[in-house]
Amino acid sequence: MKPNRPRAHLTAPSGWINDPNGLIEWQGHYHVYYQYNPFSCEWDTPYWGHAVSTDLVHWRQMPVALRPTPGGPDADGCFSGCMVDDGNGAPIAVYTGVVGADEDMRVETTCLARASEDLTRLRAHAANPVVDGPPSPEATEGFRDPFVWFEDGRWQQIVGSGSRDVGGIIYRYVSDDLLRWEYAGVFHRGVGDRHDTHDTGIMWECPQLVRGEDGDVLIISVLDREDPSRRKVVGLAGEVTPEGFVEKSRHLVDHGSAFYAPAVMRDRRGRTLLWGWITESQTPTACTRQGWAGTLTLPREVWVGPDGALRSRPAAELAGLRGTPLLEAGLDLAAGERHPLTEAGAHLWLEADLRLDDADAVRIELLASPDRREHTDLVVDRRAGEVRLERGASSRSQAAETATERCAFDPSSGRVGLTVVVDASTIEVFVGEEAAITSRAYPTGPTSTAAAITAEGGRACAEVACWELLAAIS
Ligand code: FRU
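The shown structure was predicted, so the numbers you read here are calculated from the model rather than taken from an experiment.

Student: Can you walk me through the overall build of the protein in this structure?
Tutor: In terms of helices and strands, the protein carries one helix and 34 strands. Structurally, the protein occupies a C-alpha span of about 65 × 45 × 40 Å along its principal axes. Across the protein, the fraction of contacts at a sequence separation of at least 24, relative to all contacts at a separation of at least 6, is 57%. Total accessible area computed for the protein in this model is approximately 18,600 Å², and 49% of it derives from carbon and sulfur atoms.

The structure is reproduced here in structure tokens:
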């Protein structure tokens with residue numbers, strides 16, 4: 001039995017995965033590549049794993065697509081990158097090649113890889129590297145994760161970097177042919193301000209752009225080298241201009257501790273789809289015991305809201321993940337009365353429209369054991385003005401981190417729509433379209449699978465629908 005393993009989220013057959021890479025829709029297929037170490041459950045020299053789908057619901061695992069070239073500029077790893085159509089019908093991966101196993105001595109460059117016709121093999125280009133390192137010695141923290149798009153008749157590339165004394169930096173390059181790149185200045189930079197609520201650290205990884213009518217969002221994955229637990233994903237709301245990115249405000253892209261290094265793509269319908277890496281919150285030893293580590297989020301549709309911040313929801317196709325209906329009910333919740341929703345919630349899609357009436361809070365228990373010694377609670381707390389995921393009792397094992405995660409909730413209307421997807425040890429929560437919380441929970445008991453709902457301190461109403469989450473990875 002594999003109690004922690006998701007069945008609808010992309011997870012490596014075995015070994016370690018991190019960032020999603022090279023997202024592209026090509027001839028009716030969605031391709032997702034990912035940072036992959038097939039040899040152990042810890043991060044090491046990355047390859048690109050690969051999965052394919054025609055409907056965003058069902059995924060087929062494919063063989064490794066890209067591997068380091070001995071003696072090449074990616075000899076010690078094919079780090080993160082993207083995929084573009086070169087305009088002549090050939091998909092090309094643009095990624096970071098790494099030489100040097102020691103983190104402080106690494107040489108990071110931009111490399112290209114041409115895809116075979118079916119996109120199953122990516123071959124490193126003979127011209128690699130096409131950008132041979134940062135444009136300035138101020139880039140002390142790395143130079144990686146190219147994001148490429150076509151605009152104003154030219155290819156544009158932004159690359160993540162950072163300076164120990166200053167903060168994150170994104171460099172910009174332009175090209176006519178993807179091969180020769182001209183440095184075009186700093187696209188955006190941080191100020192390493194620890195007093196800002198969204199402190200953006202000293203290294204910005206995996207820059208991604210979401211374009212919208214109401215502005216653009218530059219997504220950065222923020223690495224704080226002094227305290228790696230301070231990893232987070234920040235959306236910089238603003239505007240792309242010829243001179244660089246003009247930032248107007250900042251927000252978190254996801255409020256969970258297990259979400260990092262998301263990547264976006266635009267599909268043929270014009271939607272922007274996003275996948276993130278769902279990190280493990282349990283120890284490396286526990287991962288090695290289970291044989292795999294890390295998974296990707298479900299595909300999310302994201303867009304720029306009227307306030308310039310990112311909005312998200314599960315891609316519409318994911319309704320196809322809803323299997324057997326478990327419950328559909330309008331519930332009048334009396335204060336303190338616990339309503340069971342299902343016993344079979346290890347793989348669960350739950351929709352809840354809540355009206356708090358005079359209740360202070362509504363608590364939805366997930367992954368609960370019959371004796372309730374294990375449970376993970378999603379709490380809509382009107383008094384605190386927050387939605388939080390309480391993980392203190394998630395697991396009786398000591399091997400997992402269990403901090404509470406929270407996002408703001410405007411208590412004035414007393415209404416909120418929640419979408420919750422539990423897929424074994426992964427939990428994705430959408431609070432309206434405004435906020436998401438991606439998290440992990442590792443209950444130890446095989447019967448820690450129940451869900452229930454309770455109003456606290458008063459009455460509340462809940463329209464709830466639950467389905468079994470289908471298995472979708474082969
Ligand atoms: C983000 C990251 C990227 C890098 C990759 C290496 O998680 O550190 O910056 O390209 O992972 O696996």
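Student: How do you make sense of the sheet that holds strand β33 (residues 450-456) when you look at a structure like this?
Tutor: Think of a sheet as strands paired side by side through backbone hydrogen bonds, with each pair either parallel or antiparallel. Read across the open sheet, the six strands follow the order β24-β33-β26-β27-β28-β29; overall the sheet is antiparallel. Because the sheet does not close on itself, it has two edges, and the strands there are β24 (338-342) and β29 (405-408). The mean angle between the axes of side-by-side strands here comes to 15°, regardless of whether they run parallel or antiparallel. Pairing between strand β26 (residues 361-368) and strand β27 (residues 376-381): six bridges, direction antiparallel. In the sheet register, I364 faces β27, and the bridge partner there is L378.

Student: For this particular structure, what's the right way to read the site of the ligand?
Tutor: Taken together, 13 residues surround the ligand, and among them D19, Q35, W43, D145 and E205 come closest. A distance of 3.0 Å separates an oxygen atom of the ligand from a polar atom in the side chain of N18. S80 is positioned such that a nitrogen or oxygen atom in its backbone is 3.0 Å from an oxygen atom of the ligand. Among the secondary structure elements, those contributing two or more residues to the shell around the ligand are β1 (15-26), β5 (78-85), β9 (143-151) and β17 (259-266). Among the residues forming the shell around the ligand, the class breakdown is six nonpolar, three polar and four charged.

Student: What's the story with the side chain of N128 in this structure? I'm lost.
Tutor: Mapping N128 onto the fold places it in the loop between β8 (122-124) and β9. Beyond its immediate chain neighbours, meaning those up to four positions away, N128 contacts P73, Y95, C111 and L112.

Student: Any chance you could explain the sheet that holds strand β13 (residues 203-212) here in plain terms?
Tutor: Strands sit in the order β13-β14-β15-β16 across an open sheet of four strands; the sheet is antiparallel. Strand pairing shows two members of the sheet lacking a second neighbour, β13 and β16 (244-252), which therefore form its edges. Across this sheet, the average inter-strand angle for adjacent strands is 30°, counted without regard to direction.

Student: What should I look at first to understand the pairing of strand β2 (residues 29-37) in this one?
Tutor: Within a regular strand, side chains alternate between the sheet's two faces. Counting buried residues in β2 gives eight out of nine residues, a clear majority hidden from the surface. Here β1 pairs with β2 via seven bridges, running antiparallel. Looking across to β2, one finds that W26 is bridged to H29. Taking the residues that link successive antiparallel strands as the turn, the β1-β2 hairpin has two residues, and the phi of Q27 there is positive, at about 45°. Across seven bridges, the pairing between β2 and strand β3 (residues 47-53) is antiparallel. When the bridges of β3 are listed, Y30 appears paired with S53.

Student: What is the right way to look at the domain arrangement of the protein in this model?
Tutor: A common way to state how big an interface is: give the accessible area lost once the parts meet. According to the domain assignment, the protein contains domain 1 (15-314) and domain 2 (320-469). A C-alpha centroid distance of 31 Å is found between domain 1 and domain 2. Facing the 25 residues of domain 1 at the interface are 26 residues of domain 2. The largest per-residue losses of area from domain 1 upon contact with domain 2 belong to H255, S281 and L298, which jointly make up 27% of the total buried on that side. Here E433 ties to R313 by a salt bridge, and the two come within 3.0 Å at their closest N and O atoms.

Student: Can you walk me through the pattern of salt bridges in this structure?
Tutor: For side chains of opposite charge, pairing can occur when their charged atoms come near one another. Scanning the model with the defined rule gives 39 salt bridges in all. Measuring nitrogen to oxygen at the nearest pair gives 2.9 Å for the salt bridge that ties D357 to R355. Look at the salt bridges and you will find they share partners, linking R363, D377, D381, E386, R388, E390, R406 and E456 into a network.

Student: It is not clear to me how the nonpolar core should be interpreted in this structure. Could you clarify?
Tutor: Nonpolar side chains in soluble globular proteins tend to be buried together. Counting 37 residues, the largest nonpolar core has L354, L418 and I453 as the members making the most contacts within it. Grouped together as the second largest cluster of nonpolar side chains are 35 residues, L218, V240, A261 and V302 included.

Student: For this particular structure, what's the right way to read the packing of aromatic side chains?
Tutor: The geometry of two aromatic rings is summed up by the distance between their centres and the angle between their planes. Taken as a whole and assessed by the stated rule, the structure comprises 16 aromatic pairs. Relative to Y183, the ring of Y173 has its centre 5.4 Å away and its plane inclined at 55°; by these criteria the two rings are tilted. On the criterion of sequence distance, the pair formed by Y173 in strand β11 (residues 167-175) and Y183 in strand β12 (residues 181-189) is long-range, its members being ten residues apart. You can call Y173 buried: its relative accessible area is 4%. Residue classification places Y183 among the partly exposed positions, given a relative accessible area of 37%. An aromatic cluster is present here, built from F143, Y171, Y173 and Y183 joined pairwise through their rings.

Student: What is the right way to look at the environment of S439 in this model?
Tutor: Relative to the helices and strands, S439 is located in strand β32 (residues 435-440). Given a relative accessible area of 0%, S439 falls into the buried group. In sequence terms S439 and I427 are twelve residues apart; their C-alpha atoms lie 5.1 Å from each other. Within the structure, the side chain of S439 is placed 2.7 Å from the side chain of E405, a separation counted as a polar contact.

Cut-offs used in this document
- Residues numbered from 1 in each chain as written.
- Predicted model: local features only at pLDDT ≥ 70, side-chain atom pairs only at ≥ 80, totals over all residues.
- Heavy atoms only, no water.
- Helix = DSSP H or I, 4+ residues; strand = E, 2+ residues; numbered from the N terminus.
- Contact = heavy atoms within 4.5 Å.
- Areas by Shrake-Rupley, 256 points an atom, 1.4 Å probe, with all protein chains shown as cover.
- Pairing = 2+ DSSP bridges.
- Axes fitted to C-alpha atoms, helices over the stretch in contact; angles between N-to-C directions.
- Near = heavy atom within 4 Å.
- Polar contact = N/O pair within 3.5 Å; in protein donor to acceptor, adjacent residues only side chain to side chain.
- Nonpolar A, V, L, I, M, F, W, Y, C, P; charged D, E, K, R; others polar.
- Buried < 20%, exposed > 50% of the residue type's maximum accessible area, 1.4 Å probe, protein only.
- Domains from an automatic or database assignment.
- Buried area = accessible area lost by both parts, 1.4 Å probe.
- Salt bridge = Lys/Arg side-chain N within 4 Å of Asp/Glu carboxyl O.
- Core = buried A, V, L, I, M, F, W, Y, C linked by side-chain atoms within 4.5 Å.
- Phe/Tyr/Trp six-rings, centres within 6.5 Å; stacked < 30°, edge-to-face > 60°.

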